[in-house]
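A look at the structure
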Amino acid sequence: MNETLAEKTARPSFPVVTSEPELESRAMKNKQTETKSRSGFDLTRHLISGVLCLAVISLICSSASAQNLFVSDFDFQGNYGIIDEFTPNGVRSTFASGLNDPAGLAFDQAGNLFVAVAGSGAIYKFAPAGVRTIFASGLLLPDRVGLAFDSAGNLFVAADVTIYKFTPTGARTTFATVQNGANGLAFDPAGNLFVAAGVFELLNPNTGLVYKFTPTGVRTTFASGLNYPFALAFDSRGNLFVADGGYDGFDFPVLGAAVYKFTPSGLRSTVASENDQVSVIPYGLAIDSADNLFVADQVSGNILKFTPGGVRSVFAPGGDEYGLAFGKPSVRPPTDFNNDGKPDFVLYNASTHQTALWYLNNNVLIGHSFGPTPWPGWSIAGVADFNLDGHPDYLLFNPNTRQTAIWYLKRVWRTLISTVIQITFYSIPIRGRR
């Protein structure tokens, strides 16, 4: 049968999976620990219910990347001494403790976390495994310290009116000085350093600035008319986000606080502010690799998440997080259904249309559950994280209508069951096998 031009164009780069003995055999060969997990095979027997037509769903896209969020926080005794780590799903753990007022965070290209500790005047380096060493010491550091790395691996530190430059070996020089206090730092894709400068003043608004320094140190003013800009972050499009802490309004503790977005040409818009119906006063901000903006909010005590489209949600309950930084993206298998960083198996019964999930630790079966059952006439063609929410999704195919659909899944953590939260149909068909 000859293909039409539309069929050739619509042909995907991944295989449409049907039930084949070859796939079944390949899946079963990987199960060398069958006798240790008899209940998993009981579930599978129920799934196939007498007709052996088991298939392992193929992957259809590359592994998704995920980043953990690191924040400086205070402990339960009110001491600013903790670095918290949040998974992409908002699960919180303690990465480091016992620090004396950690005031700024930044990651180098190797995934090492650098922390400016104001109370001890030192900059610590934490390896990915958490091993701590002293990178620099003897510094006079304020409560807010901006850290940023350039593309060559040099660390820039904003400490009051001075911006220091540290080579990867720790050699220090003074890069620049600013008159009204340097706070946050961020590099744009061209290697220019942006500096948030200003102080929190009583009844003295609109004195804050954002400076732009070329790699050779030439300074210009990028933005003015701010109050107390103290944190900066760029997205992948070159837009600059600024956390402005406002000013002291005397009878009103904080006025003019906001999160602003500046286009590369300097056009300013407001993402959130203390004048919103749901008021936001930023304590810190960071942007992940998917251009989601995360803001530590003083009003609610939560870490807020803003999608690139501006949709706001609560990422995680927090406290007084004021230093935020994202770790190096880690590769996550697209079929990691239980969020343990290991790929899992999706099993599909072509007769009953049921799906089941095998949770694996390498080649060891550690758990199982049923997945959502496709509609009659539809089959599972692949698995991937289509909406980049950290959860694998189902790609469905109807061989009769040649339609495709995506089921966006969200895992119910207590029951280890994935449920459908949204469905999208696509008019471009997948060409079935002859």
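Reading the values: the criteria
- Residues numbered from 1 in each chain as written.
- Predicted model: local features only at pLDDT ≥ 70, side-chain atom pairs only at ≥ 80, totals over all residues.
- Heavy atoms only, no water.
- Helix = DSSP H or I, 4+ residues; strand = E, 2+ residues; numbered from the N terminus.
- Buried < 20%, exposed > 50% of the residue type's maximum accessible area, 1.4 Å probe, protein only.
- Contact = heavy atoms within 4.5 Å.
- Areas by Shrake-Rupley, 256 points an atom, 1.4 Å probe, with all protein chains shown as cover.
- Patch = residues over 30% accessible without salt bridge, like charges linked within 9 Å, V, L, I, M, F, W, Y side chains within 5 Å.
- Salt bridge = Lys/Arg side-chain N within 4 Å of Asp/Glu carboxyl O.
- Pairing = 2+ DSSP bridges.
- Axes fitted to C-alpha atoms, helices over the stretch in contact; angles between N-to-C directions.
- Core = buried A, V, L, I, M, F, W, Y, C linked by side-chain atoms within 4.5 Å.
- Phe/Tyr/Trp six-rings, centres within 6.5 Å; stacked < 30°, edge-to-face > 60°.

Assigned secondary structure in the chain consists of three helices and 34 strands. Expressed as a percentage of its 434 residues, the buried residues of the chain come to 51%. Here the analysis covers contacts within the chain between residues at least 6 apart in sequence; of these, 44% occur between residues at least 24 apart. Roughly 20400 Å² of accessible area belongs to the chain as shown, and the carbon and sulfur atoms make up 53% of that amount.

What follows is about unusual backbone geometry. For D160, which is not glycine, the phi dihedral falls at a positive 65 degrees. Counting through the fold element by element, D160 comes out in strand β11 (residues 155-166). Since its relative accessible area comes to 46%, D160 is described here as partly exposed. Of note in the backbone geometry, R402 takes a positive phi value of approximately 60 degrees without being a glycine. Inspection of the secondary structure puts R402 in the loop between β32 (393-398) and β33 (403-412).

What follows covers a nonpolar patch on the surface. There is a patch of nonpolar side chains on the surface, built from L202, L203 and F250 and spanning about 350 Å² of accessible area. A relative accessible area of 56% places L203 in the exposed class.

In any sheet, the strands associate via hydrogen bonds between backbone groups, in a parallel or an antiparallel arrangement. Ordered by their spatial adjacency, four strands build an open sheet running β6-β7-β8-β9, and the pairing between neighbours is antiparallel. Bordering the open sheet on either side are β6 (102-107) and β9 (132-136), each of which pairs with just one other strand. Each strand axis lies, on average, 30 degrees off the axis of its neighbour in the sheet, ignoring direction. Where strand β7 (residues 113-117) meets strand β8 (residues 122-126), five bridges bridge the pair, whose relative direction is antiparallel.

Quick look at the pattern of salt bridges now. The final tally for this structure, using the stated rule, is four salt bridges. Between R92 and D73 there is a salt bridge; the shortest N-O distance is 2.3 Å. Here R92 is found in strand β5 (residues 92-96), whereas its partner D73 is found in strand β3 (residues 69-73), with 19 residues between them in sequence. With a relative accessible area of 3%, D73 lands in the buried category. The exposure class of R92 is partly exposed, given its relative accessible area of 37%. Here the salt bridges do not stand alone but share partners, grouping D73, D84 and R92 into one network.

Looking now at the environment of G111. Relative to the helices and strands, G111 resides in the loop between β6 and β7. Along the backbone, G111 and F326 are 215 residues apart, and their C-alpha atoms lie at a distance of 9.7 Å. When near neighbours in sequence (up to four residues on either side) are disregarded, G111 contacts P128 and K328.

Counting 18 residues, the largest nonpolar core has I123, L147, L155, V157 and F166 as the members making the most contacts within it. For this core, the secondary-structure elements that each account for two or more residues are β6, β7, β9, β10 (146-149) and β11. Ranked by residues supplied to this core, first place goes to β11 with five residues. The contacts of V157, once residues within four sequence positions are left out, are I123, V145, G146, L147, T162, I163, Y164, F166 and L185.

What follows is about the packing of aromatic side chains. Counting across every chain of the model gives 21 aromatic pairs. Taking 5.8 Å as the distance between ring centres and 65 degrees as the angle between the ring planes, the aromatic pair formed by F222 and F262 counts as edge-to-face. Taken together, the positions of F222 in strand β15 (residues 219-226) and F262 in strand β20 (residues 258-262) put the pair 40 residues apart, joining distant regions of the chain. Using a relative accessible area of 3% as the deciding quantity, one classes F262 as buried. Ring centres of W375 and W378 lie 5.2 Å apart, and the angle between their planes is 75 degrees; this geometry places the pair in the edge-to-face category.

We now examine the pairing of β5. Taken residue by residue, a regular strand's side chains alternate between the two faces of the sheet. The pairing of strand β4 (residues 82-86) with β5 spans four bridges and is classified as antiparallel. Bridging across to β5, I83 finds its partner in A96. Between β4 and β5, which pair antiparallel and follow one another directly, the connecting turn spans five residues, one of which, G90, has a positive phi of 90 degrees.

Judged from the six bridges that link them, β11 and strand β12 (residues 172-187) form a sheet pairing that is antiparallel. Paired with T162 across the two strands is T177, which belongs to β12. The hairpin turn running from β11 into β12, its antiparallel successor, is five residues long, and G170 in that turn takes a positive phi close to 100 degrees. As paired elements, β12 and strand β13 (residues 193-197) share four bridges and run antiparallel to each other. When the sheet's bridge partners are listed, A182 is paired in β13 with A197. Two successive antiparallel strands, β12 and β13, enclose a turn made up of five residues, where G191 displays a positive phi of approximately 90 degrees.

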